[in-house]
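# Commentary on secondary and tertiary structure
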Amino acid sequence: MFIVAEVGQAHEGSLGLALSYVAALAETGVNAVKFQVHIPEAESSQFEPFRVKFSKQDKSRFDYWKRMEFSPEQWKLLKDRCDEVGVEFMASPFSNAAVDLLEKLGVKRYKIGSGEVSNFLLLERIFKTGKPIILSSGMSSFEELDETVNFLKERDMEFSILQCTTAYPTNPELYGLNVIREIKERYKVQVGFSDHSAKLETLVAATALGAEILEFHVVFDRKSFGPDASSSIEIREVKDLIDSIKNIESSRNSPVDKSNNSNFSDLKKIFEKSLAVNKDLPAGHQLTFEDLESKKPSGYGISASLFEKVTGKILNRDISKWEFLNWQDILEE
C-alpha cells in the first residue's frame, strides 16, 4: 500500500507551516507528502474563476496562486526536509513550467490532478522525464479516460489510476467505491482511491475493495482557512487511519480457507453441544422433539446436529432430567 498525505494548499503560502506539515506527517507513517506546484503566469489568467469563493484577501484566483507560490529555493527546502525525515516528496504540477521545477528537485513520480487528465501537453512533458505518473480520474468519464490511457500506452508510460470524485467534501452516495474494481478490470493497472470525504471509513473501505494507493488531504484543523479544509483529514487522525489500513491490508493478503476448520477443533469441543433430555423419562419412552435439549460440551452425548435421527426412537433405560443422551440409551431396531 502506498499512502499519500496531501498538504496541497493548506500551508497558506507559509513555508514555515509547510515544513511543519512535513514534520508532523512523517511521524504518522505515511509514505509520501504531496504538495501542488502552481506557477501563476504559466498556469492561470485573469479569467480563471474561483472554485470556491473563500478568500476576501485575494481579488482573483490568479492572486490566490501568487500568494501560494514558493520560490525554487523554498521548494528545495521542502524537498530536503522530506528526505531528512524519510517521506517521499511529491507534487502535482499544473504547467510544463512546474514540471521543469520539479525535475530540478529530483522527484520520483508525478501526480496528475483531475483537471489535467486531458492535458496531453502536460502529459507529453512528463513523458519526456521518463517518470511514472499517478492519475486522478475525478472529472473524467470512462470515454475520456480511455483517450488518456491510450495516449499513455502509446508512449509506454508507467501509470496508475485513482478513483476520485471532485466534490468538496464528497458525500457517501458519490464515493464511487465500485469504480475501483471497474478501473482495475478495464485498464489492468494499479488502482487507488483519492479521497475528499474527510472520513476515515471511506479510505478503510477503499482498502478493503482493492485500492493499492490511497491519497487524502490533511490539515491540522478542519476549521482552518482554505478551500480544502472541510474535505481533509486532521493530522491527529492519520495514525489511527494508517493502523486501520494496515490491518485491512493484512487481512486481504491472508486469505482464509473456509474449507479447513482444523484450527478450531479444540474450540468446537467447547462450544458445540450434545443432546440431553429435559425431563425424567422411563425406559420404553418414545423420544419426541419436545423431550430434547442441547448442552455443552460436545462429545458427551449424541451430536445435537443428529436430533432428527433420535426422535421416534425408544429408550432402553430410565434416564434422568438433563442427562446426556447416547446411542447406547436407545433400543436398536
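Residues numbered from 1 in each chain as written. Predicted model: local features only at pLDDT ≥ 70, side-chain atom pairs only at ≥ 80, totals over all residues. Heavy atoms only, no water.

### Description of the overall build of the chain
The secondary structure content of the chain amounts to twelve helices and eleven strands. Computed over its C-alpha atoms, the radius of gyration of the chain comes to 31 Å, more than 25% above the 20 Å expected for a compact globule of 333 residues. Seen through its principal axes, the chain has C-alpha atoms that stretch 100 × 45 × 35 Å. Counting across all 333 residues of the chain, residues that qualify as buried make up 44%. The contacts in the chain between residues at least 6 apart in sequence include a share of 64% that link residues at least 24 apart. A total of about 17,100 Å² of accessible surface is found on the chain, and carbon and sulfur atoms cover 50% of it. Between the mean site of the 42 positive side-chain charges and the mean site of the 52 negative ones, the chain shows a separation of 2 Å. (Helix = DSSP H or I, 4+ residues; strand = E, 2+ residues; numbered from the N terminus. Rg over C-alpha atoms; globule rule 2.2 N^0.38 Å. Buried < 20%, exposed > 50% of the residue type's maximum accessible area, 1.4 Å probe, protein only. Contact = heavy atoms within 4.5 Å. Areas by Shrake-Rupley, 256 points an atom, 1.4 Å probe, with all protein chains shown as cover. Lys, Arg positive; Asp, Glu negative; His and termini not counted. Charge placed at Lys NZ, Arg CZ, Asp CG, Glu CD.)

### Description of the pattern of salt bridges
For the structure shown, the criterion picks out 23 salt bridges. When the shortest N-O distance is used, the salt bridge between Glu103 and Lys131 registers 2.9 Å. Of this pair, Glu103 sits in helix 5 (residues 96–105) while Lys131 sits in the loop between helix 6 (120–127) and strand 5 (133–136), placing them 28 residues apart in sequence. A salt bridge links Glu154 to Arg155; its shortest N-O distance comes to 3.6 Å. According to the relative accessible area criterion, Glu154 is exposed, its value standing at 63%. The exposure class of Arg155 is partly exposed, given its relative accessible area of 25%. Linked through salt bridges whose partners overlap, the residues forming this network are Glu124, Lys128, Glu154 and Arg155. (Salt bridge = Lys/Arg side-chain N within 4 Å of Asp/Glu carboxyl O.)

### With respect to the side chain of Glu116
For Glu116, the position within the fold is in the loop between strand 4 (110–112) and helix 6. In terms of polar contacts, Glu116 uses its side chain to reach the side chain of Asn119, at 2.9 Å. With near-sequence residues (within four places) excluded, Glu116 lies in contact with Pro93, Phe94 and Leu122. (Polar contact = N/O pair within 3.5 Å; in protein donor to acceptor, adjacent residues only side chain to side chain.)

### Concerning helix 1 (residues 15–26)
With twelve residues, helix 1 extends 17 Å between its outermost C-alpha atoms, agreeing within 8% with the 16 Å of an ideal straight helix rising 1.5 Å per residue. Taken as a whole, helix 1 has its buried residues at Leu15, Ala18, Leu19, Tyr21, Val22, Ala24 and Leu25. Tucked into the core, helix 1 has its buried residues touching strand 1 (2–8), strand 2 (32–37), helix 4 (72–85), strand 8 (213–219) and helix 10 (235–252). (Expected span 1.5 Å × (residues − 1).)

### What to know about the packing of aromatic side chains
What characterises a pair of aromatic rings is the spacing of the ring centres plus the angle enclosed by the ring planes. Overall, the coordinates contain nine aromatic pairs when judged by the stated rule. Ring pairs connect the aromatic residues Phe35, Phe70, Trp75 and Phe89, which therefore count as one cluster. Over the aromatic face of Phe151 sits the side chain of Arg155, whose NZ or CZ is 3.6 Å from the ring centroid. (Phe/Tyr/Trp six-rings, centres within 6.5 Å; stacked < 30°, edge-to-face > 60°. Lys NZ or Arg CZ within 6 Å of the ring centre and 35° of its normal.)

### Describing the pairing of strand 6 (residues 159–164)
With six of its six residues buried, strand 6 lies for the most part within the structure. Where strand 5 lies against strand 6, four bridges are found, and the strand directions are parallel. Each residue of the ladder has a partner; that of Ile134, found in strand 6, is Ser160. Here four bridges tie strand 6 to strand 7 (residues 191–195), and the two strands are oriented parallel to one another. (Pairing = 2+ DSSP bridges.)

### Description of a nonpolar patch on the surface
A cluster of nonpolar side chains, namely Phe264, Leu267, Ile270 and Phe271, defines an oily patch on the protein surface of about 420 Å² accessible area. Tracing the sequence through the fold places Phe271 in helix 11 (residues 265–271). (Patch = residues over 30% accessible without salt bridge, like charges linked within 9 Å, V, L, I, M, F, W, Y side chains within 5 Å.)

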